[in-house]
Amino acid sequence: MIEDKSLTEKYVDIAIPVLLPQQDGCAECVQRLLERLQAHRGILRVHLHQERQPVDLCIHYDPNLVSLAAVMRIAETAGAELRNGYHHEEIAFVGLDSADAAQVLTGELERLPGMLHANASYAAGLVFAAYDTKHLTRAEIERTMQHFGARPLAPVESGEAPHEEEHGAPAFLPHWMQERWGLILVGLGGALLLLGFAGERWLGWPAGVALALYLLSYAVNGYDPARHAIPAILRGKFDTDVLMLAAALGAGALGEWAEGALLLFLFGLGHAGEHYALDRARNAINALGALMPKTARVRRGEQTVEERVERLTLDDVVVVRPGDRIPVDGVVRQGASAVDQSPITGESAPVHKQAGDEVFAGTINQEAALDVQVTRLSNDTTLSRVVQMVAEAQAQQSPTQQFTERFTARFVPAVLGLVALVMAVPPLAGWMPFSESFYRAMLLLVAASPCALAIGTPAAVLSGIARAARSGVLIKGGVHLENLGRLGVIAFDKTGTLTQGRFQVTEIVPLDGAAPDEILRVAAAVEQHSSHPLAAAVVRAAQQKQLALPAAGGLENVPGLGVRSQVDGRAVWIGSLEMFEGQPGLESARRHIAGLERAGQTTMLVQREGAMLGVLALSDAPRPGVPGVMERLRGLGVGRLVMLTGDNPAAAQRIGQVVGVTEVKASLLPEEKLNAIRGLQAEHGTVAMVGDGVNDAPALASATVGIAMGGAGTAVALETADVALMADDLSKLPFAVGLSRASRAIIRQNLGIALGVIALLIVTSVLGLAQLGWTVAAHEGSTVLVALNALRLLGYELEKA
């Protein structure tokens, strides 16, 4: 769109995906694009239209200094440079054993020359990086990761889960030992500790033998922390491994070898439990990618051959046998069968598919063979997009995660200062000997390490997103997971969301003597070129009567009012009564329309060459089960359920009463829906909007949480919304809200556990009320507890909750 603003300023809007098709979701890339365009002579101002979907880039320019064609070339060139010059990577890794180690790695990656953005997610086991390929390579990123203790895993083919090698296992060991190396070390160290303690206390062994066993336990259980702590100390970084190793060495320096060995054993045992919990959550995510078949049986002439899925092209025909997973997104060309779509949409019952129906990669054909024509390439299937978006969701931090990182960044330096004071002040003041103050300082080091605080929220977010994806609900990040759980207001589009979206012509009212079939024939000739649900109903009614439709051309939408076109060379207008206001001869039409709308009908007035032909009345039925959905939402604490529709108030109120919403806002133009969402936000703060992701894009984008129906069928719904219900099934909404509420509750519980244990341990360590072993047990126990608590979300069921 181009428009004059003055004699010396014009503007042009360009959709961001046109310029950055792969990077439009990267805020840093979009910002670089804005900066590059702004630097050109003649370009006055560049900004984004965030309320539009897809987001538009608006370029204001002086036509006296630069032409429109030049502006377009500049924008396309800048976009191409960014596409070619900037790369996005997701690098799976192993080797880090704490969330604060991942934060240190994030900081170091961010400082690399050419790095736009980096985030090392300990919970997900992934590094997300956007970088300038002219100044930085993946190899350099991986070297930095290795330098900080994270071992990158080799890229795997689409659909495979990354294979995790175990931490630091010698290569000559059998594979089963390498996989369990961490547990083997913990068990061996614990056995040596127990043997030394029993020999010293009960078996009468010499002190030197017990000390040797303690030292061996130190070496075994201290091996993994030392691998991370020593490089960290050399870099001037103090993470959890450094704190624990320092405390163990301090205990040894005071002659408390048993306590030091117990500290390292409990530290290793805690990490083993933490890794187990996080691996469960990661495996739930990786299981999505494992659904994708690697090969397909393809028709080649008279033969059927097996080929890799990535080699298939559009319009290839794939043969899917009963019991096979469907390897592609496509359309059934021959055959009929029941298909289990639960891996994608979460639907519990198989869906009957026949010729013309859409099927998705990763779903399971159950009854009979199907011939499926490929409509999307392997890297663009619904399943691959879902896997990609779930991976991206792991990189996005929730508000609570952001809070804990800010808190930790200030808390750790404060603790180190307090440790120095506890160590130095009491001996100088004569309150206690240095050995006692040093021991308490070591207790404080352990007590104040914020492991549980750092892992509690991301583990809950990871588990919540994994559980939702497994049930056909795609949540695109922790911020949306948390916001969904805070909702008190949900707004719904009516047509296709609360109703079936399949209107029927229920009455034809002739005006000025026109024949009913003629009215329907003219209206259907125009509406066959429109995709609106009302238009489809008019065309179906004409087809059912087998009416011959004349040619129509030049269809033009009148936003929020109707359409106009030409039929047999004569102007035809079809729309609401408001479209014809001010024209003569409306009295009779107005009376009929008022009566129909009082009965809850939607009306369309048909005019040809200025003459009113008649009124078409249509109705739409509510979706089955919607009243139950509304009741469950109210039971979850969503007190205000608002229906937004462009329909007339009488029809809207009738549907609203049937489905059970608490409020109806009718006769809304598209921009008025957007204003309604903003009004609700001003009144309530957090508001969700539920729609189909196409016509409701502005309102979905403006809402705190945009929820799209039928994400499996439309790429627009997947891209537009913050949450996508993969099946065209509103009954998943209470599950999503309930899961989010449960996630928020578990996040709060984990924060309470972490902060409570830290506060208790700080007090007891400073006052000398606890021994080192009990302090470590409480510290590591809280870390394992929050991770296991987060795992409860993987088994969440709304009915049980």
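Residues numbered from 1 in each chain as written. Predicted model: local features only at pLDDT ≥ 70, side-chain atom pairs only at ≥ 80, totals over all residues. Heavy atoms only, no water.

1. Description of the overall build of the chain
(1) Moving on: Within the chain, the secondary structure is distributed over 27 helices and 30 strands.
(2) Moving on: Across the 801 residues in the chain, those meeting the buried criterion constitute 53%.
(3) Moving on: Partitioning the intrachain contacts of the chain with sequence separation of at least 6 by distance along the chain shows that 66% fall at a separation of at least 24.
(4) Moving on: Of the roughly 34,100 Å² of accessible surface on the chain, 56% is carried by carbon and sulfur atoms. (Helix = DSSP H or I, 4+ residues; strand = E, 2+ residues; numbered from the N terminus. Buried < 20%, exposed > 50% of the residue type's maximum accessible area, 1.4 Å probe, protein only. Contact = heavy atoms within 4.5 Å. Areas by Shrake-Rupley, 256 points an atom, 1.4 Å probe, with all protein chains shown as cover.)

2. Some details on the sheet that holds strand β11 (residues 317-320)
(1) Moving on: Taken together, six strands build an open sheet; the order of strands is β10-β9-β11-β17-β12-β15 and the sheet is antiparallel. The sheet terminates laterally at β10 (303-308) and β15 (358-359), the two strands that pair on one side only.
(2) Moving on: Pairing geometry for β11 and strand β17 (residues 370-376), over four bridges, is antiparallel. Its bridge partner lying in β17, V320 is registered against L370. (Pairing = 2+ DSSP bridges.)

3. Topic: the side chain of D493
(1) Moving on: Residue placement: D493 occurs in strand β19 (residues 489-493).
(2) Moving on: Polar contacts involving the side chain of D493 include one to the side chain of K673, which spans 2.7 Å. (Polar contact = N/O pair within 3.5 Å; in protein donor to acceptor, adjacent residues only side chain to side chain.)

4. Observations concerning the pairing of strand β22 (residues 562-567)
Within a regular strand, side chains alternate between the sheet's two faces.
(1) Moving on: Side-chain alternation along β22 places V563, S565 and V567 on a buried face and G562, R564 and Q566 on a face that remains uncovered.
(2) Moving on: Alignment of strand β21 (residues 552-558) against β22, held across five bridges, turns out to be antiparallel. Bridging from a neighbouring strand, N557 pairs with V563 of β22.
(3) Moving on: Turn length for the β21-β22 hairpin, with the two strands adjacent in sequence and antiparallel, is three residues, and the turn residue G560 shows positive phi of about 75°.
(4) Moving on: Here β22 pairs with strand β23 (residues 570-575) via six bridges, running antiparallel. The residue bridging R564 from the neighbouring strand is W573, located in β23.
(5) Moving on: As consecutive antiparallel partners, β22 and β23 are separated by two residues, and within that stretch D568 has a phi angle of approximately 55°, a positive value.

5. A look at the sheet that holds strand β16 (residues 364-365)
(1) Moving on: If you trace the three strands from one edge of the open sheet to the other, you get β14-β13-β16, paired in antiparallel fashion. Looking at which strands have only one partner, the edges of the open sheet turn out to be β14 (351-353) and β16.
(2) Moving on: Both strand β13 (residues 337-340) and β14 contribute to a ladder of three bridges, which runs antiparallel. Residue pairing in the sheet places V339 in a bridge with V351 of β14.

6. Some remarks on the packing of aromatic side chains
Centre-to-centre distance and the angle between the planes together describe a pair of aromatic rings.
(1) Moving on: All told, the structure shown has five aromatic pairs when counted by the stated rule.
(2) Moving on: A ring pair is formed by F197 and W202, whose centres lie 5.6 Å apart and whose planes are at 85°; its orientation type is edge-to-face.
(3) Moving on: Residue class for W202 comes out exposed when judged on its relative accessible area of 64%. (Phe/Tyr/Trp six-rings, centres within 6.5 Å; stacked < 30°, edge-to-face > 60°.)

7. Side note on the confidence of the model for the chain
(1) Moving on: Here the chain averages 82 in pLDDT, while 89% of its residues score no lower than 70.
(2) Moving on: In this model residues 1-6 is a low-confidence stretch, pLDDT under 50, and it forms 16 contacts with partners more than four residues away in sequence or in other chains. (pLDDT = per-residue confidence, 0-100.)

8. Observations regarding the nonpolar core
(1) Moving on: Counting 84 residues, the largest nonpolar core has I141, I490, F492, L633, L730 and L733 as the members making the most contacts within it.
(2) Moving on: Among the elements that take part in this core, helix α26 (residues 732-767) stands out by supplying 10 residues, more than any other.
(3) Moving on: Every residue in contact with I141, bar those within four places of it in the chain, is listed here: I91, L109, L112, M115, A129, Y131 and L136.
(4) Moving on: Ranked by size, the runner-up nonpolar core spans 38 residues in total, among them Y218, A248, A261 and L772. (Core = buried A, V, L, I, M, F, W, Y, C linked by side-chain atoms within 4.5 Å.)

9. Things to note about the pattern of salt bridges
Oppositely charged side chains are able to pair whenever their charged atoms sit close together.
(1) Moving on: One pass over the full model with this rule turns up 22 salt bridges.
(2) Moving on: Across the pair D517 and K545 runs a salt bridge, and its minimum N-O distance is 3.2 Å. Linking D517 in helix α18 (residues 516-527) with K545 in the loop between α19 (533-544) and β21, this pair joins segments that are 28 residues apart in sequence.
(3) Moving on: Residue K545 is classed as partly exposed on the basis of its relative accessible area, which comes to 44%.
(4) Moving on: The partner of R640 in a salt bridge is E683, and the shortest N-O contact between them spans 3.2 Å. Separated by 43 residues along the polypeptide, R640 in strand β26 (residues 640-644) and E683 in helix α23 (residues 670-684) bring together distant segments of the chain. (Salt bridge = Lys/Arg side-chain N within 4 Å of Asp/Glu carboxyl O.)

10. Considerations on a nonpolar patch on the surface
(1) Moving on: Residues L418, L421, V425, W431, V763, V766, L767 and L769 make up a contiguous nonpolar surface patch of about 760 Å² in total accessible area.
(2) Moving on: Among the elements of the structure, α13 (399-429) and α26 are those that each provide at least two residues to the nonpolar patch. (Patch = residues over 30% accessible without salt bridge, like charges linked within 9 Å, V, L, I, M, F, W, Y side chains within 5 Å.)

11. What to know about the environment of P231
(1) Moving on: Tracing the backbone through its elements, the reader meets P231 in helix α8 (residues 207-234).
(2) Moving on: For P231, a relative accessible area of 27% gives the class partly exposed.

12. Digging into unusual backbone geometry
(1) Moving on: Look at Q546: it is not a glycine, yet its phi comes out positive at around 55°.
(2) Moving on: Summarising the element assignment, Q546 is placed in the loop between α19 and β21.
(3) Moving on: Take Q546: its relative accessible area is 73%, and that puts it in the exposed class.
(4) Moving on: Here the phi dihedral of S667 falls at roughly 55°; this positive angle occurs in a residue that is not glycine.

13. Things to note about the packing of α13 against helix α14 (residues 434-447)
Each pair of packed helices can be described by the angle between their axes along with the distance between the axes.
(1) Moving on: At a minimum axis separation of 8 Å, α13 and α14 run at an interaxial angle of 165°. In terms of orientation, α13 and α14 fall into the roughly antiparallel class. By crossing handedness, the relation of α13 to α14 is classed as right-handed. Contacts from L416, L418, V419, V422, M423, P426 and P427 of α13 reach α14 at F434, S437, F438, R440, A441, M442, L444 and L445.
(2) Moving on: Residues that form the contact of α13 with α14 fall into these classes: 13 nonpolar, one polar and one charged. (Axes fitted to C-alpha atoms, helices over the stretch in contact; angles between N-to-C directions. Parallel < 35°, antiparallel > 145°, perpendicular 65-115°, else oblique. Left-handed = near helix turned anticlockwise from the far one by under 90°. Nonpolar A, V, L, I, M, F, W, Y, C, P; charged D, E, K, R; others polar.)

14. Observations regarding α8
Spacing of three or four residues puts side chains on the same side of an α-helix, whose turn is 3.6 residues.
(1) Moving on: A rise of 1.5 Å per residue sets the reference length of α8, with its 28 residues, at 40 Å; its end C-alpha atoms lie only 35 Å apart and thus fall more than 12% short of the reference.
(2) Moving on: At Y223, α8 shows its maximal bend, which comes to roughly 55°, and the proline P225 appears one to four places after that position. (Expected span 1.5 Å × (residues − 1). Bend = angle between axes of the 7 residues up to and from the residue.)

15. Notes on the environment of G189
(1) Moving on: With respect to the helices and strands, G189 occurs in helix α7 (residues 181-201).
(2) Moving on: Leaving out residues up to four positions away in the same chain, G189 has contacts with S217, V220, N221 and F265.

16. Re the packing of α14 against helix α27 (residues 772-791)
(1) Moving on: Contact pair α14 / α27: the axes reach a minimum separation of 9 Å and the direction vectors enclose 10°. Taken together, the axes of α14 and α27 are roughly parallel relative to one another. On α27, the residues touching Y439, M442, L443, V446 and A447 of α14 are L772, T775, V776 and H779.
(2) Moving on: When the residues that make up the contact of α14 with α27 are grouped by side-chain class, the tally is seven nonpolar, two polar and no charged.

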